[in-house]
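Chain residues, written in single-letter form:
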Amino acid sequence: MSRMPRVTCRMHDLRAARGAHRERREAWRRQKADWRERKRAGDPDAMVHSGPPNGFALLPWLLMGLGAFSHLLQGKSANPWIGGIGLFVFNSLYVAVAFRAFHKQARESRATMAALFAMGAITVGLAAGYGGSWLMFFPLFGLAVGAVVRGRRLGPVGLGLAALAGAVGGLRDGWGGINIAYGTFLSTMVTAAILSLSEAVRDLRAAREELARRAVAEERLRFSRDLHDLLGHTLSLIVVKSEAARRLAPRDTAAALTQLADIETVGRQALTEIREAVTGYRDAALAAELDRARELLDAAGVEAVVRQSGPPLAPPTEALLGWVVREATTNVVRHARATHCEIELAATPEETRLTITDDGRGEGSTPPGNGLKGLGERLTAAGGSLESGAGTRGGFRVAVVLPMSAGMEPAAAGAREQRA
């Protein structure tokens, strides 16, 4: 009864190994189909490379054993049945090892190592027993070893195998054993170097494709954030002015027409900005964003105070802070129900600070949106930080810190205060 669990475990292991082999075969087929598709499409990488590496690249080297096979057919070898069985087993193990050498998990498995040890024993037995052309199995075995063994173990294993081949070759062929040892060492090291280089190139190509995919994803995220910030601010301004025009229309037609003219101007400006954002050349000036913020807050009935001090800012810093002003003031109009909003910009030779506070409903009045989250990601990427939350005296507060860019001018500008 004790044998039944062992048999069951072996059956499970056999099924798992068979499933893994099928998965590797399907993966190789998919890789080959992808390479063929890329080659039909004219991909330069697919045109240069002959396809995904596999065990077929190592099979032509079996021709090194044709001399021994010829001796068997001509009857020049003693005990031909032993030699024939040894040749068949060696070739079978070589083919199995060749196809397992291109998959890391299979290459490092115990089955592969056992196959290598069996090949080594057969190689030593055939070379020592027959000599002559049978000694060529040592370089062939070295090729299989180089295909499987990698890393720090390769040097000692290659030297040991070359010494063994030289010793056996010296016993059978005298000084000719030096050639066998040299050929064995060369085939082992060159095979390992070529296959390692091939794997490195394949990994680099995969890394390059992954970097390209990430670049596309980051560009999509950047564009979505830009579009969100741009349209959110503009549409909020249009909605506020439309509501003002609707309220003024029954009693003050001239004021309502002024609001409608402002809506037309904002719409045209929004079209221009969208075109610039799509082409990737939009460079928001901070002064223009502050003017738009005052206009938006004034139209919504919010008293706006803008304070600005310090040296002029570099264009990248102005662009980032412009997005912050746009998003924060839009949130004030949409969610805060505030009556007062302060925007304070203070620049020093070391850093730039932007603080936007209001006296509205404060934190937690509405679910957080994607605008401030996207701005936080941008500022973090630029070496800055963004903090948002309830203010010390109520309301909501957005604070941004950015390091001074190398492109900033050192000349200081006087502090100035503007009230809407």
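Residues numbered from 1 in each chain as written. Predicted model: local features only at pLDDT ≥ 70, side-chain atom pairs only at ≥ 80, totals over all residues. Heavy atoms only, no water.

Student: Quick one: what's the story with the overall build of the chain, residue by residue and with numbers?
Tutor: Looking only at helices and strands, the chain has 13 helices and six strands in total. Of all intrachain contacts in the chain linking residues separated by at least 6 positions in sequence, the fraction that spans at least 24 positions is 71%. Put simply, the chain shows about 24,400 Å² of open surface, and 60% of that area lies on carbon and sulfur atoms. (Helix = DSSP H or I, 4+ residues; strand = E, 2+ residues; numbered from the N terminus. Contact = heavy atoms within 4.5 Å. Areas by Shrake-Rupley, 256 points an atom, 1.4 Å probe, with all protein chains shown as cover.)

Student: Outline helix H12 (residues 315-336), supporting the account with residue identities and numerical values.
Tutor: Along its 22 residues, H12 runs 30 Å from first to last C-alpha, staying within 8% of the 32 Å computed at 1.5 Å per residue. Arg337 lies just past H12 and shows a positive phi near 55°. (Expected span 1.5 Å × (residues − 1).)

Student: Break down the confidence of the model for the chain for me, with residues and values.
Tutor: Caution applies to low-pLDDT parts of the model: their predicted coordinates are not meant to be read in detail. Taken residue by residue, the chain gives an average pLDDT of 78. The fraction at 70 or more is 78%. Within the chain, the lowest mean pLDDT, 40, falls on strand E6 (residues 416-419), and the highest, 91, falls on strand E3 (residues 351-358). The low-confidence segment residues 364-368, where pLDDT is below 50, has three contacts with residues more than four positions distant or belonging to other chains. Ignoring residues within four places in sequence, the model shows residues 406-420, a span with pLDDT below 50, making 34 contacts including any to other chains. (pLDDT = per-residue confidence, 0-100.)

Student: I'd like a description of the environment of Thr123, backed by residues and values.
Tutor: Structurally, the position occupied by Thr123 is in helix H6 (residues 110-130). Among the residues examined, Thr123 registers a relative accessible area of 1% and is labelled buried. The spatial distance from the C-alpha of Thr123 to the C-alpha of Leu140 is 9.2 Å, given a sequence separation of 17 residues. Ignoring any residue separated from it by four or fewer positions in sequence, one finds Thr123 in contact with Phe90, Phe137, Phe138 and Phe141. (Buried < 20%, exposed > 50% of the residue type's maximum accessible area, 1.4 Å probe, protein only.)

Student: Please provide a residue-by-residue account of the pattern of salt bridges, values included.
Tutor: Under the definition given, this model contains ten salt bridges. Among the ionic pairs, Arg214 bridges to Glu210, the shortest N-O distance being 3.3 Å. Taken together, the residues span about one helical turn, with Arg214 and Glu210 both in helix H9 (residues 177-248) at a distance of four residues. According to the relative accessible area criterion, Arg214 is exposed, its value standing at 51%. According to the relative accessible area criterion, Glu210 is partly exposed, its value standing at 31%. (Salt bridge = Lys/Arg side-chain N within 4 Å of Asp/Glu carboxyl O.)

Student: Could you give me a rundown of the packing of aromatic side chains, with the residues and numbers involved?
Tutor: Under the defined criterion, the tally for this structure stands at three aromatic pairs. Aromatic side chains Phe90 and Phe137 sit 4.9 Å apart centroid to centroid with 80° between the ring planes, which places their arrangement in the edge-to-face category. Of this pair, Phe90 sits in helix H4 (residues 80-100) while Phe137 sits in helix H7 (residues 137-148); the two residues are 47 residues apart in sequence, bridging distant segments of the chain. On the accessibility criterion, Phe90 (0% relative accessible area) is buried. Joined through ring pairs, the aromatic side chains of Phe90, Tyr130, Trp134 and Phe137 make up one cluster. When the ring centre of Trp323 is taken as reference, the NZ or CZ atom of Arg378 above it lies at 5.0 Å. (Phe/Tyr/Trp six-rings, centres within 6.5 Å; stacked < 30°, edge-to-face > 60°. Lys NZ or Arg CZ within 6 Å of the ring centre and 35° of its normal.)

Student: Now, about a nonpolar patch on the surface: what can you tell me, with residues and values included?
Tutor: The grouping of Leu63, Leu66, Phe69 and Leu73 at the surface amounts to a nonpolar patch, some 440 Å² of accessible area in total. Among the structural elements, Leu73 can be located in helix H3 (residues 66-74). Judged by relative accessible area, Leu73 falls into the exposed class, the value being 64%. (Patch = residues over 30% accessible without salt bridge, like charges linked within 9 Å, V, L, I, M, F, W, Y side chains within 5 Å.)

Student: Go over the nonpolar core with me, naming the residues and quoting the values.
Tutor: The biggest cluster of nonpolar side chains holds 31 residues, and the ones touching the most others in it are Leu116 and Met119. Within the residue set of this core, elements represented by two or more residues are H3, H4, H6, H7, helix H8 (154-173) and H9. Ranked by residue count, the leading element in this core is H7, at eight residues. In contact with Met119, other than residues within four places in its own chain, are Phe90, Leu93, Tyr94, Val97, Phe141 and Ala144. Ranked by size, the runner-up nonpolar core spans 29 residues in total, among them Leu286, Val302, Ile343 and Val398. (Core = buried A, V, L, I, M, F, W, Y, C linked by side-chain atoms within 4.5 Å.)

Student: So what's going on with the packing of H4 against H7? Which residues, and what values?
Tutor: Put simply, H4 and H7 touch, their axes get as near as 10 Å, and they point 25° apart. Classified by the angle their axes make, H4 and H7 are roughly parallel. Seen along the crossing, H4 lies across H7 with a hand that is left-handed. Contact with H4, carried on its side by Leu87, Phe90, Tyr94 and Val97, involves Phe137, Leu140, Phe141, Leu143, Ala144 and Val148 of H7 and no other residues of that element. Residues belonging to the contact of H4 with H7 are distributed by class as follows: ten nonpolar, no polar and no charged. (Axes fitted to C-alpha atoms, helices over the stretch in contact; angles between N-to-C directions. Parallel < 35°, antiparallel > 145°, perpendicular 65-115°, else oblique. Left-handed = near helix turned anticlockwise from the far one by under 90°. Nonpolar A, V, L, I, M, F, W, Y, C, P; charged D, E, K, R; others polar.)

Student: With reference to specific residues and values, describe the pairing of E3.
Tutor: Residue alternation in E3 divides its side chains into a buried set, Thr352, Leu354, Ile356 and Asp358, and an unburied set, Glu351, Arg353, Thr355 and Thr357. As judged from the seven bridges shared by strand E2 (residues 340-347) and E3, these two strands associate in the antiparallel manner. By the bridge assignment for E3, Glu344 is matched with Thr355. Adjacent in sequence and paired antiparallel, E2 and E3 are bridged by three residues. In this structure, E3 lies alongside strand E5 (residues 396-403), joined through seven bridges in antiparallel fashion. Note on E5: the bridge partner recorded for Arg353 is Val401. (Pairing = 2+ DSSP bridges.)

Student: Mind laying out H7, listing which residues take part and the relevant values?
Tutor: If you check H7, its first and last C-alpha atoms are 17 Å apart, about what twelve residues at 1.5 Å a residue would give, namely 16 Å. Among the twelve residues in H7, twelve count as buried, and that is most of the element. Regarding H7, the residues found buried are Phe137, Phe138, Pro139, Leu140, Phe141, Gly142, Leu143, Ala144, Val145, Gly146, Ala147 and Val148.

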